[in-house]
Amino acid sequence: MRILVIYATVEGQTREIAEHIGRYLKDNQHEAVMVDTTHPPGSLSIDEIDGIICAGPVHIGAFPAPLRRYVERHKRELMARPGVFVSVSLTAAGDDAGEWEELNEITANFSEETGWWPVSVHHAAGALKYTEYDFFRKWMLKRIADKKDAPTDTTHDYEFTDWGALDLFVDGFVKDIPDVAGKI
């Protein structure tokens, strides 16, 4: 299968997730066509694409503008193939019901804003990259982490992504593409 992997990143974790998806697809005899929406190609042809995986991080209650614009601009082409969404956030590392409800609303708003409706969504936990933050961001995230009993040692970075769960999600999607494609 040939899978289009569309993503945007803010701090780099979503890029790592998208690249992991690309390697996973390749390791399983599929092809990944990678599109970083902050530097997208001029045109999009999905004639030889079997499915779409879109990945984006939640920051300040929304997904990055380049991702939203790209998906909205290409919604007709994207809706012509089965597609899934990988939402990346620190909320996905926790179990606060209210925060999960908000995360689901943010993801639904993305579809309403762009006109693209994935067949499934996977919420992947992100990372705390303290060593890459400026003073204010590090201070702010340390306070938030402390309230949630998350790591607060700012001399280290912490990755919360469950790579095995992500692989299972991608594998399930690829296996379901023939069934879903017949319903589009």
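Residues numbered from 1 in each chain as written. Predicted model: local features only at pLDDT ≥ 70, side-chain atom pairs only at ≥ 80, totals over all residues. Heavy atoms only, no water.

Draft legend 1. Region of interest: the overall build of the protein chain. When you go through the protein chain residue by residue, the secondary structure sums to six helices and seven strands. When the elements of the protein chain are put in sequence order from the N terminus, they spell out β-α-β-β-α-α-β-α-β-β-α-β-α. Taking 16 Å as the expected radius of gyration for a compact globule of 184 residues, we find that the protein chain reaches 17 Å, a close match to that expectation. With the principal axes as the frame, the protein chain shows a C-alpha extent of 50 × 35 × 35 Å. Within the protein chain, buried positions represent 41% of all 184 residues. Contacts in the protein chain between residues far apart in sequence, at least 24 positions, make up 78% of those at least 6 positions apart. Carbon and sulfur atoms form 49% of the exposed surface of the protein chain, whose accessible area is close to 9800 Å². (Helix = DSSP H or I, 4+ residues; strand = E, 2+ residues; numbered from the N terminus. Rg over C-alpha atoms; globule rule 2.2 N^0.38 Å. Buried < 20%, exposed > 50% of the residue type's maximum accessible area, 1.4 Å probe, protein only. Contact = heavy atoms within 4.5 Å. Areas by Shrake-Rupley, 256 points an atom, 1.4 Å probe, with all protein chains shown as cover.)

Draft legend 2. Seen up close, the packing of aromatic side chains. As enumerated under the stated definition, the model contains seven aromatic pairs in all. Ring geometry for Tyr130 against Tyr133: centres 6.1 Å apart, planes inclined by 80°, an arrangement best described as edge-to-face. By the burial criterion, Tyr130 is buried, and Tyr133 matches it. Judged by centre distance (6.0 Å) and plane angle (35°), the ring pair of Phe136 and Trp139 falls under tilted. Of this pair, Phe136 and Trp139 both sit in helix α5 (residues 135-147), three residues apart, roughly one helical turn. Accessibility expressed as a relative area gives 52% for Phe136, which makes it exposed. Here the aromatic residues Phe63, Phe85, Phe110 and Trp116 are joined through ring pairs into a cluster of three or more. When the ring centre of Tyr133 is taken as reference, the NZ or CZ atom of Arg137 above it lies at 5.3 Å. (Phe/Tyr/Trp six-rings, centres within 6.5 Å; stacked < 30°, edge-to-face > 60°. Lys NZ or Arg CZ within 6 Å of the ring centre and 35° of its normal.)

Draft legend 3. Spatial organisation of the pairing of strand β5 (residues 120-125). Where strand β4 (residues 83-89) meets β5, six bridges bridge the pair, whose relative direction is parallel. The residue bridging Val86 from the neighbouring strand is His122, located in β5. Running through helix α4 (residues 97-114), the crossover from β4 to the neighbouring parallel element β5 is right-handed. (Pairing = 2+ DSSP bridges. Right-handed = clockwise from strand over helix to strand, strands pointing away.)

Draft legend 4. Quick peek at α5. With 13 residues, α5 should reach 18 Å at 1.5 Å per residue; the first-to-last C-alpha distance of 19 Å fits that figure. Backbone nitrogen of Phe136 and a side-chain oxygen of the N-cap are separated by 3.3 Å at the start of α5; the cap is Asp134. Looking one or two places after α5, you find Asp149, whose phi comes out positive at around 55°. (Expected span 1.5 Å × (residues − 1). Polar contact = N/O pair within 3.5 Å; in protein donor to acceptor, adjacent residues only side chain to side chain.)

Draft legend 5. Seen up close, the sheet that holds strand β3 (residues 51-57). The strand order across the open sheet built from five strands is β2-β1-β3-β4-β5, with neighbouring strands paired in parallel fashion. With partners counted over all chains shown, the strands left at the sheet margins are β2 (31-36) and β5, one partner each. Averaged over all pairs of adjacent strands, the angle between their axes in this sheet comes to 20°, without regard to strand direction. Helix-sheet contacts for helix α1 (residues 13-27) involve β1 (2-7), β2, β3, β4 and β5, and the interaxial angle to β1 is about 175°. (Axes fitted to C-alpha atoms, helices over the stretch in contact; angles between N-to-C directions.)

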